[in-house]
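Structural description and commentary
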Amino acid sequence: MTTPKPMINNKDQMHPDDRRNLMIFLMLALVIWFGFDHFIMKPRLEKMRAAQEVAMKAEQERQVNLAAGVSVDSAVRSREDVLADVERIRLHNGAIEGTLPLVGNRFDDISLSRYFKTQGGSDKMVLLQPSGTKASQYVEYGWLSSDQALLLPGKDTRWRVEGSSELTHKTPVTMVWDNGQGLRFKRVFKLSEDYMVNVTQSVANESGKPVSLFPYALVGSYGLPETYEGGRAVHEGPIGYINGKLTEYPYREMAKKKIQEDIHGQTGWIGITQKYWLTSLIIDQNEAAKYRFSYTPAKTAEGQEHYQVDVMGASRTVANGQEASANLWVYAGAKEVKKLEAYSKALKVSHFDLAVDFGLFYFLTRPFFEALHFFGHLFHNFGVAIICLTIMIRLLVFPLANASFRSFAKLKKISPMMAEIRERYSDNREMLQQELVKLYEREKVNPMAGCLPILIQIPIFFALYKILMVTIEMRHAPFFGWIQDLSVMDPTSVFNLFGLLPYDVPGPLMIGAWPCLMMLFMILQKHMNPPPQDKMQATMMNMMPYFLTYIMASFPAGLVVYWTFSNALSIVQQYIIMRSMNVPIHLFDRKKEKAMEKSVHNGPVVHPELELIEKKAEEVLFGHDEQEPARPVSPPKPRKKKKK
């Protein structure tokens, strides 16, 4: 039998079972409370907070897009008709000209006074044009607020001019607007002597309560610009340098990936660039801001896609009776490097010159550009500047080229001995390779020494190509004779005798006079070089002048001028070296060279250069013991027979 538990009759003392149940209840309650808070309430709060942030961001973006007119696709009209819709004031300073509308008050009509669409033409380059026209581009600026009941200036706001009604570099313009709710908005426009406009926005609060506002500015573009070339060599599209990082989105990538990107930064600039032109926004540096790249597809089949970059500054809380302001600088003009650098220093904005696409070889393109800019202004002819730069580059690479040409001269000098060895061992591939390697070592000839200057020329070539393609200084820059624009291809063709025959030549057959002159110098230089000992290499060297001529015929004429003069200087340098080493030069009587080429073509395939390189590499890595006998030259690997 079990003994029953004693009863506790003391009302102030808890039964042990009740105490245990209470502890279990408290523990379960805590577990349920923490579990409910962690697994249910916390996710709900995070979703609510995220939804609020998304809603606020969407509202701000909606206001920016509404101000820009992105919400609808405008019917395309003529530029003149759209400009006549509203009253406008004139702006001009000798570098840019256009109008500023009183309704909406955005920059949407700016042309470049010194640049024309075609060389010798009278139609000025149009950079900004109003929404509703084909390929429109404009600059918008204003204020945003999370209070939807607050009336803010937008695209339909009519501003009133105070004082001067013509914007020049000597006369600023002030515009004001009252929202009827106690807020008075003012804009002061100051035009520089070139392409920069300073817009100072301010708001005075007499509403009786504080308001919070965000300044914003944007560059919007409908469709692709008329000057868009679609090439990959030059960046065209949205661009920004934010927090020390360059961000570029080509038009194609924006449309393909539907780009929507926000970048928060303290310093930077943002804009939309074309090959030679830039529309950019700069706000006060060291101010927390949000920069944005966005793409909006066309709403209808007849509509135009929309590209936009914008920046939103930090919040301004304006107390009653107080005033707040925000500064904006709008650059709308040609990408002249010196002006971009000057504004970079004046506004303390980093790398504004990177709006010019100098490419991966920036360390070469910048000094080359500085040299071309100096010589171009010294001689007032950028073609002469290219020749001066060519001479300067040849002087810089003179020691390397000298070593290369001496190696070529030695090879040329021992060509008769090489021909004799080939004739002696024409049927013995192994002995032919061994004897050629011994000859190279005995005469201290390195066949690969001539490759280094060629490798150095490659980055130089691409750096010059970039300069001629992207810098506005080269656009429509004439040389002499028929070359009136160094940034485009030679306009003549050998297939109509350079214009003597009265018919046009198709584009693929446009091989001009300068490319033909370049080909002549390449052929002469090839004749001065020793014939290659490899059959494939010999074939390639014979075809190279004609292949390069066809390829470079479509390159900018300035680049062909550089390559032609560079080859001419190389021939002079190589000629002097060969004469000093008593090496015979046969530019036209080439019987011996042709005999060697025939021997290489009909003889066995050998690669003595590769064997020599292998031996040199082993000596560098493992050293060479002079007491040990020299390592025998390994025979060439037999070629695999093709199955029939």
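Here's a quick rundown of the structure. Fair warning: this is a prediction, and the values are worked out from it, not measured in the lab.

1. Looking at the overall build of the chain
Helix and strand counts for the chain stand at 15 helices and 20 strands. A total of 644 residues make up the chain; the buried ones form 48% of that total. Nonlocal contacts in the chain, meaning residues at least 24 apart in sequence, comprise 68% of its contacts between residues at least 6 apart. About 34500 Å² of surface is accessible on the chain, with carbon and sulfur atoms providing 60% of the total.

2. Comments concerning the packing of helix H5 (residues 362-379) against helix H6 (residues 382-396)
For the pair H5 and H6, interaxial distance at closest approach is 8 Å and the crossing angle is 130°. What the angle tells us is that H5 and H6 run oblique. Our pair here, H5 against H6, has a crossing hand that is right-handed. Residues Phe368, Ala371, Leu372, His373, Phe375, Gly376, His377 and Phe379 of H5 lie in contact with H6, whose contacting residues are Phe382, Val384, Ala385, Ile386, Cys388, Leu389, Met392 and Ile393. Class assignment for the residues of the contact of H5 with H6 results in 13 nonpolar, 3 polar and no charged.

3. Observations regarding the pattern of salt bridges
In total, this model carries 22 salt bridges according to the counting rule given. Across the pair Glu287 and Arg316 runs a salt bridge whose closest N-O atoms are separated by 2.5 Å. Taken together, the residues span a long stretch of sequence, with Glu287 in the loop between strand S16 (277-283) and strand S17 (289-296) and Arg316 in strand S19 (residues 316-318) at a distance of 29 residues. According to the relative accessible area criterion, Arg316 is buried, its value standing at 15%. Residues Arg366 and Glu370 are paired through a salt bridge, measuring 2.6 Å at the closest nitrogen-oxygen approach. Taken together, the positions of Arg366 and Glu370, both in helix H5 and 4 residues apart, correspond to about one turn of that helix. Residue classification places Arg366 among the buried positions, given a relative accessible area of 10%.

The rules behind each value
Residues numbered from 1 in each chain as written. Predicted model: local features only at pLDDT ≥ 70, side-chain atom pairs only at ≥ 80, totals over all residues. Heavy atoms only, no water. Helix = DSSP H or I, 4+ residues; strand = E, 2+ residues; numbered from the N terminus. Buried < 20%, exposed > 50% of the residue type's maximum accessible area, 1.4 Å probe, protein only. Contact = heavy atoms within 4.5 Å. Areas by Shrake-Rupley, 256 points an atom, 1.4 Å probe, with all protein chains shown as cover. Axes fitted to C-alpha atoms, helices over the stretch in contact; angles between N-to-C directions. Parallel < 35°, antiparallel > 145°, perpendicular 65-115°, else oblique. Left-handed = near helix turned anticlockwise from the far one by under 90°. Nonpolar A, V, L, I, M, F, W, Y, C, P; charged D, E, K, R; others polar. Salt bridge = Lys/Arg side-chain N within 4 Å of Asp/Glu carboxyl O.

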